[in-house]
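Structural overview
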Amino acid sequence: MTTLAVETSALVGRHLRHLARVPMRLLGVTVMPVAYVVIFGYLFGSVIEVQGGGYREFLMAGIFAQMMLTNLQHTALGVVDDLGNGIDDRFRSLPIAGLAVPLARTMADLTRVVVACVAMAVVGFAMGWRTHAGPLQVLAGFGLLLLLGFAASWLGVLLGLRLRSAEAVSAVAFLVVMPMTFLSNAFIPLHGLPGWLRTVCEWNPLSAVVAACRDLFGNPGSAGDALPMRHPVAASLLLITALLVVSAALATHAYRAAARGR
Amino acid sequence: MDVTIEAEGLRKTYGTHTALAGVDLAVPAGTVLGLLGPNGAGKTTMVRILSTLLTPDGGTARICGHDVVRQPREVRRRVGLTGQYAAVDELLTGRENLVLIGVLHHLGRRAARARADELLERFQLTDAAGRAARTYSGGMRRRLDLAASLVADPPVLVLDEPTTGLDLTNRRTLWTMVREQVARGTTVLLTTQYLEEADQLADRILVLDGGKVIAEGTPDELKRKVGDEQLQIRLRDGGQRSAAVAALAAVTAHQPVPDDDEASLRLPLTDGLAGIAAVAAALDAARIDVESFASCTPTLDDVFLSLTGRSTAEKPEAAA
């Protein structure tokens, strides 16, 4: 194994132990999205009509995407937590790669997200959600979602390092996640919206991801006219990769800059 | 003599506050340098620069010949840091904490485990090794933190106020452990607010104030500057003070100093117990009624008072 792999896996082990010791944390990230599946599924499901399948089949991709985006908040809070006690200084004083600490955190958070994903899929399945595509396509859909979760996590590292307080992190995360999810096709079909609002929602990067997942899962969803909606898989791959590269670069820079005394 | 830790003209400013205003130091291999000073003197800034957690605005520092700014990784390989706040993972057990650090030092998992057990034994943590560090007492945490900084057996140990907040018993235990490490040849830089701690551990002391070195020397040299241990004599009757001064003139060459309190006076204590006995005999012979004898050792506050003319409680400027 290379040095970076040894260091990262040791630190991932630390985070996974935390997860095992404080199962409430895992419960915390799982309960919310599962609750969304149930509440939205039954509440909105009884009033929103979706052509070519039921609302619940339409909803799942949106909830998965929302949960991936919310991952940024959990990562950022973990970063703030480590800054608050001396453990961050301890890691910085060790001869390890600067990338190892944030990389281990984002990878461990991805593990947590996978667990939440499984829980949601089970609940969704129980409520009647089915995929109508080949297993490879379905896996590709989940791969795309996890890539979004990973990129969001790196954005979370950046936020945590920059904001350095749990309150600020929660406020900023809310300001990012709320408009991104509600001004998108995650929970509602866009065809009924007034023209300008529909344009905004169709250009929202999260809409592209959700549309791509619906395509890959074979779930219903109204396509849009905007460019990202016409090529959702390509558009979301491009957007997520851009988010990942920029966030990871800025987060790594922020991690090193923090060592220079801000 | 080999110089292990050296710094020239180190400067660091935070906004308008000058944390370090040009500090030089040199610590020969295998010795202990104590950085003594009140809060805001620049001690922690110094520690953070020497352990590569902070980049100085000016000046240079080297650990075993490696520049802290240009060769941080080489420096990190050689410095064990024990910060002011015990840097242990609360959710991991004591052993897991040490194994993690060992693996991060690339000892390999097996060797990291062996090293962890060895350190747990040495720092009297074997019984608590399987418990989450969250359940540890203050003293145990500090010991685990110290053990964590020694996992890779670094030639240099940097201790930032290692015993602040500990009771005397735990403080003494930690001192013994640091001494053992020094006996193994480790070079130590230690910051402290306690003159006694510097006296116990340090070969040389640097007194910092407002980011500058205001005194330097061995603990004895420094104490001599402040004045030796003093004997405080409290009389039952304040009216007898001048008679007492006259009686003392016969047994000691030092001029007794009257205290603010009318019934009390002070005398440098030079001859130990014999000196106290002579003083007691002289006062008894002159039929002077003594309420109490007490010995006062100089404190950091006394050092400050004598070096700067002000107490440590008064901050130099708007120091953080």
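So, how was this worked out
- Residues numbered from 1 in each chain as written.
- Chains lettered and ligands numbered in written order.
- Predicted model: local features only at pLDDT ≥ 70, side-chain atom pairs only at ≥ 80, totals over all residues.
- Helix = DSSP H or I, 4+ residues; strand = E, 2+ residues; numbered from the N terminus.
- Contact = placed C-beta atoms within 7 Å.
- Buried ≥ 20, exposed ≤ 12 C-beta atoms within 10 Å, placed from the backbone.
- Pairing = 2+ DSSP bridges.
- Domains from an automatic or database assignment.
- pLDDT = per-residue confidence, 0-100.
- Core = buried A, V, L, I, M, F, W, Y, C linked by C-beta atoms within 7 Å.
- Nonpolar A, V, L, I, M, F, W, Y, C, P; charged D, E, K, R; others polar.
- Expected span 1.5 Å × (residues − 1).
- Arc of directions from axis to C-beta.
- Right-handed = clockwise from strand over helix to strand, strands pointing away.

We now examine the overall build of chain B. Summing up its helical and strand segments, chain B has eleven helices and 14 strands in all. Along the first, second and third principal axes, the C-alpha atoms of chain B reach 75 × 45 × 40 Å. Sequence-distant contacts, at least 24 apart, represent 68% of the contacts inside chain B between residues at least 6 apart.

Here we take up the pairing of strand 9 (residues 204-209) of chain B. All names here are of chain B. Along strand 9, five of the six residues are buried, which leaves the element largely enclosed by surrounding structure. Sheet topology note: the strand 3 (residues 32-36)/strand 9 ladder contains four bridges and is parallel. Looking at the pairing, Gly34 lines up with Ile205 of strand 9. The pairing of strand 9 with strand 10 (residues 212-217) spans five bridges and is antiparallel. Across the sheet, residue Ile205 finds its bridge partner in strand 10, namely Gly217. The turn linking strand 9 back onto strand 10 is made up of two residues, and Gly210 within it adopts a positive phi angle of 55°.

This brings us to the domain arrangement of chain B. According to the domain assignment, chain B consists of domain 1 (3-88 + 136-223) and domain 2 (228-297). With centres defined by C-alpha atoms, the gap from domain 1 of chain B to domain 2 of chain B works out at 40 Å.

Moving on to the confidence of the model for chain A. Confidence along chain A averages 92 in pLDDT terms, with 98% of residues attaining 70 or more. When mean pLDDT is compared element by element in chain A, helix 6 (residues 135-163) of chain A scores highest at 97, while helix 2 (residues 23-43) of chain A scores lowest at 87.

By size, the foremost hydrophobic cluster in this structure holds 92 residues, and its most contacted members are Phe64(A), Ala65(A), Leu148(A), Val209(A) and Cys213(A). Per element, the largest residue contribution to this core is 15 residues, and it comes from helix 3 (residues 55-84) of chain A. Other than its neighbours up to four places away in sequence, Ala65(A) contacts Leu145(A), Leu148(A), Ala186(A), Leu206(A), Val209(A), Val210(A) and Cys213(A). Membership of the second largest hydrophobic core comes to 45 residues, among which are Ala7(B), Met46(B), Ile49(B) and Val158(B).

Now for the sheet that holds strand 5 (residues 66-67) of chain B. All names here are of chain B. Strand order in the open sheet made by the four strands is 2-1-4-5, with antiparallel pairing throughout. If you trace the sheet from one side to the other, it starts and ends with strand 2 (17-28) and strand 5, each paired once. Across two bridges, strand 4 (residues 58-63) lies against strand 5 in antiparallel orientation. Paired with Ile63 across the two strands is His66, which belongs to strand 5.

Let us look at the interface of chain A and chain B. As a measure of interface size, the accessible area lost when the parts come together is often cited. In this assembly, 22 residues from chain A lie in contact with 24 residues from chain B. It is helix 1 (residues 3-21) of chain A that contributes the most residues to the side of chain A that touches chain B, eight residues altogether. When its residues are assigned to classes, the side of chain A that touches chain B shows eight nonpolar, six polar and eight charged.

Residue and element names in this part refer to chain B. A rise of 1.5 Å per residue sets the reference length of helix 4 (residues 109-122), with its 14 residues, at 20 Å; its end C-alpha atoms lie 20 Å apart and thus fit the reference within 8%. When we look at burial in helix 4, the residues that qualify are Ala112, Arg115, Ala116, Leu119 and Leu120. The buried residues of helix 4 occupy one face: seen down the axis, they fall within an arc of 135°. In this structure, helix 4 carries Arg110 and Glu121 as exposed residues pointing more than 90 degrees from its buried face. Contacts made by the buried residues of helix 4 are with helix 3 (94-104) and helix 5 (138-149).

For chain B, mean pLDDT is 88; residues scoring 70 or higher make up 93% of the total. The ipTM assigned to the predicted complex is 0.90, against a pTM of 0.85.

Next up on the list: the environment of Lys12(B). All names here are of chain B. Mapped onto the secondary structure, Lys12 falls in strand 1 (residues 3-14). Residues Lys12 and Ser295 lie 283 residues apart in sequence; the distance between their C-alpha atoms is 41 Å. Sequence-distant contacts of Lys12, that is, excluding residues within four places in its chain, are made with Ala19, Leu20, Thr45, Ile49, Leu54, Pro56 and Asp57.

Residue and element names in this part refer to chain B. Burial runs high along strand 7 (residues 156-160): five of the five residues are buried. Across the two faces of strand 7 the burial is the same, with Val156, Val158 and Asp160 and Leu157 and Leu159 all buried. Inspection of the sheet shows strand 6 (residues 79-82) paired to strand 7 by four bridges, in the parallel sense. When the bridges of strand 7 are listed, Gly80 appears paired with Leu157. After leaving strand 7, the chain enters helix 6 (residues 168-183) and then returns to the sheet as strand 8 (residues 187-192), a path that is right-handed.

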